[in-house]
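The residues making up each chain are set out below.
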Amino acid sequence: MLNVQLEEVNELLALLAQTQARISSIETTLVLCSFGLWEGPAAQEAQESRRQMVMYMNHAQEHLATARAHLDDYRSDLHTAALAFF
Amino acid sequence: MTGDDFDTRIVVSSAKTVADIPALMCAISQLHEAMRDLQACHSELEALANRTGTLTGEHIGNASVAAESIGRACSVLLSSSYQLARFIDSLAYTALIYSAAEGDAATFAQLRAWLYPSPLSYFEAGPLTAPFTFATIADLPRGRSRPWRQVWPGSHYREIWPRPFHLSVGYAAIYGTIFGSGVGSDPVDSLALQFHIEDISRSLMRSTHWFEHGSTPSGQMLGPHATSATPEAAAIAGGAFFGWGRLLNGSRRSIILGRPGRGAQDSPAPLKPGPRTLRLPLRAQSSVWSRTLIPGAPGFSGFLNLGQSLGTLPEGMLTASASGSSSSYDEAGRSSLAPESKSFPPTHTPREVATPHAPSALIERIGNLAEGKEYGEFEILKHETQGPKGSEYSWSIIIRGTQEWTAGTTNIQDMHTNFNAIAGVESDQTRAIKAAMADMGIQPTEAVEFVGHSQGGIVAAQLASDTEICNRYTVAAVLTAGSPTAGYTPVTSVGMLNLENTRDQVPALDGRENVNRGNNLTVHFDGRSLNLQTVENEEVFAHDMTVYREAMAHFESAPTVATAEISAWMEARERALGLGEGTHTTSYVYTTQRSSW
């Protein structure tokens, strides 16, 4: 039973890491996509919107990091319990 | 929709605007992919949150917190997806506006088909679209450097083989139907139509031989030096409408200008004593005369040619009629006004009104002028402010749009005035307003602004660009709403602000975008995002004054970084007109009517 749970948690952690990496990649795309020589108030507004979106995604990443930390703890607890059982 | 949605599709352009369309399109292409990734991430996280929530055991506390955190991340990503979708939409709208301004119809059509795919935009994009029609363009193979061009071979086809007259007219008719019904509209209809208008004009001009141009139009360029064919085609159409109007609606010898009345004792006094009406004599002949032979369209050529011939007949053969090209001033510079003794029904009493500090209040005032009558109206606002040296005056001239869809009837706000205004040729409306300005006694040092909706806006831009006006008055600002003003570049201290709803096809009738015009600004917006509805719960017509008033009110109440130039224009306008807390404004409404005597 504990083994099954450990496998499940490991899989969830792997999926989480994969999603975090994809979000990082999206953030990079957002930060690096160039507007070329575009100038003026509209360009400024676009830069500001982009900055806000990156900030939002950073928040998402923070939540995911928290989730990851708790899942890690959960796995450690499971691991400890498994060791104690054997 | 909310104000935020409206803000997504607003583009302010001026001579200072620097755009990099290929870079923008590459950015949009990359962001589209990022958007798909983001949506996939959101779905994955949702599944992950569900699975984490089903974990069991003694240490379930940590798993629960993890599930909650993933859920929060999910919500944040959902907001981010919404933001990113709006951002891409905003970039797409901006790129299309800039692309239209560059005047490259092929590129514009391709961008439009890519960003706002529809059967119509696909068909317009190129001659070989059939194999791709109704496919999802975003899914077709794209190149990295020019992602919007890969699906269409021969992007310069349009320049090499210009569209024939009939095809252009067909497209314009389709857009007209979309405009009238609102069905099938996309956010850049107006920009697409303007290329077809220019195509029609080019077809006309390729087959036209000029006999006489008449007076040189102010603000527009005709003939071999012209960069656009539309003003010239408008001059031809105006001449034809003039002639046909003369034949069908009888002779017109003068414009009768109804002066504001004296009013009650406690009301503001009229300017100076005088007759109730003034008569502006008209000349008999049209100022333009040409022959057009459009291959395959003999009926249309005949309509234009015969109309122009009727317009050039000498006085007496069709008695007198309205001219589109005579001056309001005689050779000595005196206003050519003659007192009129006959009765002229509508007389308005001067009255004090709220000072229009906000431009939206000016647009609101346009709606108070006569609608659908046999006569026309325009309003002159006199602003009086106490300064250090006594009373200081400034003026707002408020002009309504087309009221008569033929030519040569009694109402001068007609098709003849429309065509003349686009051509840059003086019309009965410009003559009447010039005469009223002289009648009001506006001094050369007093700031004047012109404001108009639709035809009123073109006339406003035309007057502000007029040499006579510029020599006699200090034109401070111009505000137009839904008007085709391209080609006019008034030189004023504040500049001209052109409001253009990109679902409204009237601003497209000049056949080109407003570009490189000094300190003048064009504000493009998607009027549908305002979500305005009539009392019958139907969508407000794209050209309606309400759309423009509400858009202006939004710019006033919710400025953003992107609309900073509008805010600066508003401040400069109020300063130039000297409008303050203590300003008193008096309204003078003039009436106009063509007369057969």
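Residues numbered from 1 in each chain as written. Chains lettered and ligands numbered in written order. Predicted model: local features only at pLDDT ≥ 70, side-chain atom pairs only at ≥ 80, totals over all residues. Heavy atoms only, no water.

Caption draft 1: Up close: the overall build of chain B. Assigned secondary structure in chain B consists of 17 helices and 14 strands. Taking all 597 residues of chain B together, the buried fraction comes to 58%. Contacts in chain B between residues at least 24 apart in sequence constitute 77% of all its contacts with a sequence separation of at least 6. Entry remark: accessible area of chain B is about 23,400 Å², with carbon and sulfur atoms responsible for 55%. (Helix = DSSP H or I, 4+ residues; strand = E, 2+ residues; numbered from the N terminus. Buried < 20%, exposed > 50% of the residue type's maximum accessible area, 1.4 Å probe, protein only. Contact = heavy atoms within 4.5 Å. Areas by Shrake-Rupley, 256 points an atom, 1.4 Å probe, with all protein chains shown as cover.)

Caption draft 2: Up close: the interface of chain A and chain B. Each partner contributes residues to the interface: chain A has 43 residues there, and chain B has 45 residues. Taken as a group, R22, W38 and Y74 of chain A account for 15% of the area that chain A buries against chain B, more than any other trio of residues on that side. Joining chain A to chain B, the criterion identifies four salt bridges. For E44 of chain B, the salt bridge goes to R22 of chain A, with nearest N and O atoms at 2.7 Å. Summed over the shared surface of chain A and chain B, the result is 11 residue pairs in polar contact (both at pLDDT 80 or more). Listing elements by their share of the side of chain A that touches chain B, those giving two or more residues are α1 (2–32) and α2 (41–85) of chain A. Residue contributions to the side of chain A that touches chain B peak at 22 residues, all from α2 of chain A. (Buried area = accessible area lost by both parts, 1.4 Å probe. Salt bridge = Lys/Arg side-chain N within 4 Å of Asp/Glu carboxyl O. Polar contact = N/O pair within 3.5 Å; in protein donor to acceptor, adjacent residues only side chain to side chain.)

Caption draft 3: Spotlight on the environment of S301 of chain B. Residues and elements named next belong to chain B. Tracing the backbone through its elements, the reader meets S301 in helix α10 (residues 298–312). Judged by relative accessible area, S301 falls into the buried class, the value being 2%. In this structure, the C-alpha to C-alpha distance between S301 and M440, residues 139 residues apart in sequence, is 44 Å. Apart from residues lying up to four places away in sequence, S301 is in contact with T292, L293 and I294.

Caption draft 4: View of the packing of aromatic side chains. Residue and element names in this part refer to chain B. The full count for this structure, using the stated rule, is 15 aromatic pairs over all chains. Judged by centre distance (5.7 Å) and plane angle (10 degrees), the ring pair of F378 and Y590 falls under stacked. Placement of F378 in strand β8 (residues 376–387) and of Y590 in strand β14 (residues 584–595) is noted, with a sequence separation of 212 residues between them. Residues F378 and Y590 agree in their burial class; the two are buried. Taken together, the aromatic side chains of F165, F241, W244, F300, F303 and F419 make up a single cluster linked through ring pairs. K382 extends its terminal NZ or CZ atom over the ring of Y393, reaching a point 4.7 Å from the ring centre. (Phe/Tyr/Trp six-rings, centres within 6.5 Å; stacked < 30°, edge-to-face > 60°. Lys NZ or Arg CZ within 6 Å of the ring centre and 35° of its normal.)

Caption draft 5: Here's a closer look at the environment of L111 of chain B. By the element assignment, L111 of chain B lies in helix α4 (residues 105–115). Distance from L111 of chain B to S360 of chain B, taken between C-alpha atoms, is 33 Å for residues 249 residues apart in sequence.

Caption draft 6: Looking closely at unusual backbone geometry. Residues and elements named next belong to chain B. Positive phi, normally seen in glycine, also occurs at S454, with a value near 60 degrees. With respect to the element layout, S454 can be found in the loop between β10 (447–453) and α14 (455–464). At N537, a position not held by glycine, the phi torsion is positive, near 65 degrees. Here N537 lies in the loop between β13 (521–525) and α16 (545–557).

Caption draft 7: Highlighting the layout of surface pockets. Each pocket or cavity is described by its volume, and for the largest pocket that value is around 1,300 Å³. Looking at the largest pocket, it is lined by 42 residues, and the ones nearest its centre are W405, M415, N418, V506 and L509 of chain B. The set of elements that each furnish at least two residues to the lining of the largest pocket consists of α7 (165–181), α8 (189–206), α9 (230–249), α10, α12 (415–423), α14 and α16 of chain B. Tallied by class, residues from the lining of the largest pocket come to 25 nonpolar, 14 polar and three charged. By volume, the second largest pocket amounts to about 490 Å³. Along its surface, the second largest pocket is lined by 20 residues, and E45 and S49 of chain A together with T8, R86 and F87 of chain B are the ones closest to its centre. The set of elements that each furnish at least two residues to the lining of the second largest pocket consists of α2 of chain A together with α1 (3–8) and α3 (60–102) of chain B. Among the elements that line the lining of the second largest pocket, the one with the most residues is α2 of chain A, at seven residues. (1 Å grid on protein atoms, 1.4 Å probe; cavity = no way out; pocket = protein on both sides within 12 Å on 5 of 7 lines; lining within 4 Å. Points joined across faces, edges and corners; volume = space filled by probe spheres on them. Nonpolar A, V, L, I, M, F, W, Y, C, P; charged D, E, K, R; others polar.)

Caption draft 8: Structural context of the pattern of salt bridges. All names here are of chain B. Per the stated rule, a full pass over the model turns up 25 salt bridges over all chains. One salt bridge connects R72 with E68, and the closest N-O pair in it is separated by 3.7 Å. Of this pair, R72 and E68 are both found in helix α3, four residues apart, which corresponds to roughly one turn of the helix. On the accessibility criterion, E68 (48% relative accessible area) is partly exposed.

Caption draft 9: View of the pairing of β8 of chain B. Residue and element names in this part refer to chain B. Both β8 and β14 contribute to a ladder of nine bridges, which runs antiparallel. Bridged to H383 within β14 is T585. Strand direction decides the pairing type here: β8 and strand β9 (residues 390–399), joined by 10 bridges, are antiparallel. Bridge pairing in β9 places T385 opposite E392. (Pairing = 2+ DSSP bridges.)

Caption draft 10: Representation of the packing of α12 of chain B against α14 of chain B within the structure. All names here are of chain B. Two elements in contact, α12 and α14, have axes whose closest approach is 9 Å; the angle formed by their N-to-C orientations is 40 degrees. By the angle class used here, α12 and α14 are oblique. α14 is crossed by α12, and the crossing has left-handed handedness. Of α14, the residues touching α12 (which contributes T417, N418, N420, A421 and I422) are Q455, I458, V459 and Q462. (Axes fitted to C-alpha atoms, helices over the stretch in contact; angles between N-to-C directions. Parallel < 35°, antiparallel > 145°, perpendicular 65-115°, else oblique. Left-handed = near helix turned anticlockwise from the far one by under 90°.)

Caption draft 11: View of the packing of α1 of chain A against α2 of chain A. All names here are of chain A. Two numbers describe how α1 lies on α2: the axes approach to 10 Å, and their chain directions differ by 165 degrees. Comparing the axis directions of α1 and α2 gives the class roughly antiparallel. Crossing of α1 against α2: the hand is left-handed. Among the residues making up the contact of α1 with α2, the classes are represented as 23 nonpolar, seven polar and five charged.

Caption draft 12: View of the side chain of T492 of chain B. All names here are of chain B. You can see T492 is positioned in the loop between β11 (474–481) and β12 (495–501). A polar contact of 3.4 Å, which involves the side chain of T492, links it to the backbone oxygen of A476. In contact with T492, other than residues within four places in its own chain, are V475, A476, A477 and N519.

Caption draft 13: Seen up close, α1 of chain A. Taking 1.5 Å per residue, 31 residues should reach 45 Å; α1 of chain A reaches 45 Å between its end C-alpha atoms and fits that length. Residues of α1 of chain A that are buried sit in contact with α2 of chain A together with α2 (21–53) and α3 of chain B. (Expected span 1.5 Å × (residues − 1).)

Caption draft 14: Local environment of the nonpolar core. The biggest cluster of nonpolar side chains holds 85 residues, and the ones touching the most others in it are F35 and W38 of chain A together with I28, L45, L84 and L91 of chain B. Breaking this core down by element, the ones donating at least two residues are α1 and α2 of chain A together with α2, α3, α4, α7, α8 and α9 of chain B. Ranked by residues supplied to this core, first place goes to α3 of chain B with 18 residues. What I28 of chain B contacts, discounting residues up to four positions off in sequence, is I88, L91, A92, A95, W114 and L115 of chain B. Within the second largest apolar cluster, 43 residues are counted, among which are W395, A435, Y473 and V475 of chain B. (Core = buried A, V, L, I, M, F, W, Y, C linked by side-chain atoms within 4.5 Å.)

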